[in-house]
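Reading the structure
What follows is each chain in one-letter form.
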Amino acid sequence: MANNIAAIVLAAGLSTRMGTQNKLLLPFNNASMIVQVIQAALTAQLQNIIVVTGHEADAVVQATQGLAVRCVHNPNFVSGMASSLRCGLQALESNDQPIDGAIMLLGDMPLVSGADIKKLLAAFSNNDQIIAPYYQGKRGNPVLWGSDYFAEIKQLSGDSGAKALLTRHANNMIKVPVDHQGIFADIDSPEAYAELKL
């Protein structure tokens with residue numbers, strides 16, 4: 001891989017809509033949901049994978065044992081997703097080698113495959129690009145951000161993620177078609193999980 005692309009796996013959320021269970025630790029395809037997401041990143045041959053923990057951090061770290069990832073804890077995880085993005089980017093910047101971009105993976109989207117991630121990586125050639133997957137004209141996740149946007153992402157607050165930046169920099173976004181709806185499927189309720197298991 002020509003570019004040095006990292007992955008930030010967001011695994012800090014409170015999982016409130018799932019009830020008493022931490023959705024990331026629920027079983028899916030002979031693994032937990034969070035492991036499924038990490039495996040997709042590993043299948044895409046990403047070498048630098050940061051898992052940002054928060055809620056039930058010890059259990060999430062335990063679930064990732066034996067996988068080639070680095071877990072970093074976000075002490076402010078209750079403030080929303082923006083703080084986890086910032087935490088992940090700060091962990092990347094503590095590395096010696098420069099990072100060209102980072103793909104932001106949501107820990108509750110186990111239907112995103114290694115092949116999907118590879119398509120995004122293949123479309124990336126410049127640090128000022130944003131690469132997003134599309135299915136039937138709709139944008140999904142994960143999104144690959146060139147390092148030119150890291151400073152702006154770190155300025156975000158609350159739980160909105162980086163949607164506002166996607167709008168602001170729409171001209172720099174490359175749309176990559178994928179052939180399934182898994183790029184929309186975040187599993188955040190018992191109903192969504194039940195549907196996933198069908």
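Look up a bit, the structure's there.
Residue indices begin from 1 for each chain and proceed along its sequence in written order. In view of the model being predicted, local features appear only for residues whose pLDDT reaches at least 70, and side-chain atom pairs are presented and counted only at 80 or more, with totals across whole chains, interfaces and linings using the full set of residues. Side-chain metrics rest on all non-hydrogen atoms present in the structure, leaving aside hydrogens and water.

**Describing the environment of Arg70**
If you trace the backbone, Arg70 turns up in strand E5 (residues 70-73). We call a residue buried when its accessible area falls under 20% of the maximum for its residue type, exposed when it is over 50%, and partly exposed in between, using a 1.4 Å probe and counting protein chains only. Taking the relative accessible area as the measure of exposure, Arg70 reaches 32% and is therefore partly exposed. The spatial distance from the C-alpha of Arg70 to the C-alpha of Gly146 is 21 Å, given a sequence separation of 76 residues. Should any heavy atoms of two residues lie within 4.5 Å, those residues are counted as being in contact. Not counting chain neighbours up to four residues away, the residues in contact with Arg70 comprise Ile49, Ile50, Val51, Ala91, Leu92, Ser94 and Asn95. Separated by 2.9 Å, the side chain of Arg70 and the backbone oxygen of Ala91 make a polar contact. Here a strand is any run of E in DSSP of at least two residues, a helix any run of H or I of at least four, and the numbering for each starts at the N terminus. For this analysis, a polar contact is any N or O atom pair within 3.5 Å, provided that within protein one partner can donate a hydrogen and the other can accept it, and provided that sequence-adjacent residues contribute only side-chain to side-chain pairs.

**Observations regarding the environment of Ala57**
Along the chain, the position of Ala57 falls in helix H2 (residues 57-63). Distance from Ala57 to Asn29, taken between C-alpha atoms, is 22 Å for residues 28 residues apart in sequence.

**Let's talk about the side chain of Thr53**
Locating Thr53 in the fold gives a position in strand E4 (residues 48-53). Of note is the side chain of Thr53, whose polar atom sits 3.3 Å from the side chain of His73. Among all residues touching Thr53, those that are not within four sequence positions of it are Ala11, Ala12, Val60, Val61, Cys71, Val72, His73 and Asn74.

**Things to note about the packing of aromatic side chains**
Any two rings among Phe, Tyr and Trp, with Trp reduced to its six-membered ring, count as a pair given centres within 6.5 Å; such a pair is stacked if its planes are under 30 degrees apart, edge-to-face if over 60, and tilted if neither. According to the stated counting rule, one finds two aromatic pairs in the structure shown. Between Trp145 and Tyr149, the aromatic rings sit 5.8 Å apart at their centres with planes inclined by 70°, giving edge-to-face as the arrangement. One exposure class covers both Trp145 and Tyr149, and it is buried. Ring-over charges, as used throughout, are those where CZ of Arg or NZ of Lys falls within 6 Å of the ring centre and within 35 degrees of the ring normal. The cationic tip of Lys138 hangs over the ring face of Phe184; the distance from NZ or CZ to the ring centre is 4.9 Å.

**Structural notes on the packing of helix H1 (residues 33-43) against helix H4 (residues 114-123)**
Only C-alpha atoms enter the line fits that serve as axes; for helices the fit covers just the stretch in contact. Angles between N-to-C directions range over 0 to 180 degrees. Put simply, H1 and H4 touch, their axes get as near as 8 Å, and they point 45° apart. Classified by the interaxial angle, the pair formed by H1 and H4 is oblique. With respect to the hand of their crossing, H1 and H4 are arranged in right-handed fashion. Here Ala40, Ala41 and Thr43 of H1 come into contact with H4, specifically with Gly114, Ile117 and Lys118. Roughly parallel refers to an angle under 35 degrees, roughly antiparallel to one over 145, roughly perpendicular to one between 65 and 115, and oblique to any angle outside these ranges. Less than a right angle of anticlockwise turn of the near helix away from the far helix marks a crossing as left-handed, whereas a clockwise turn marks it as right-handed.

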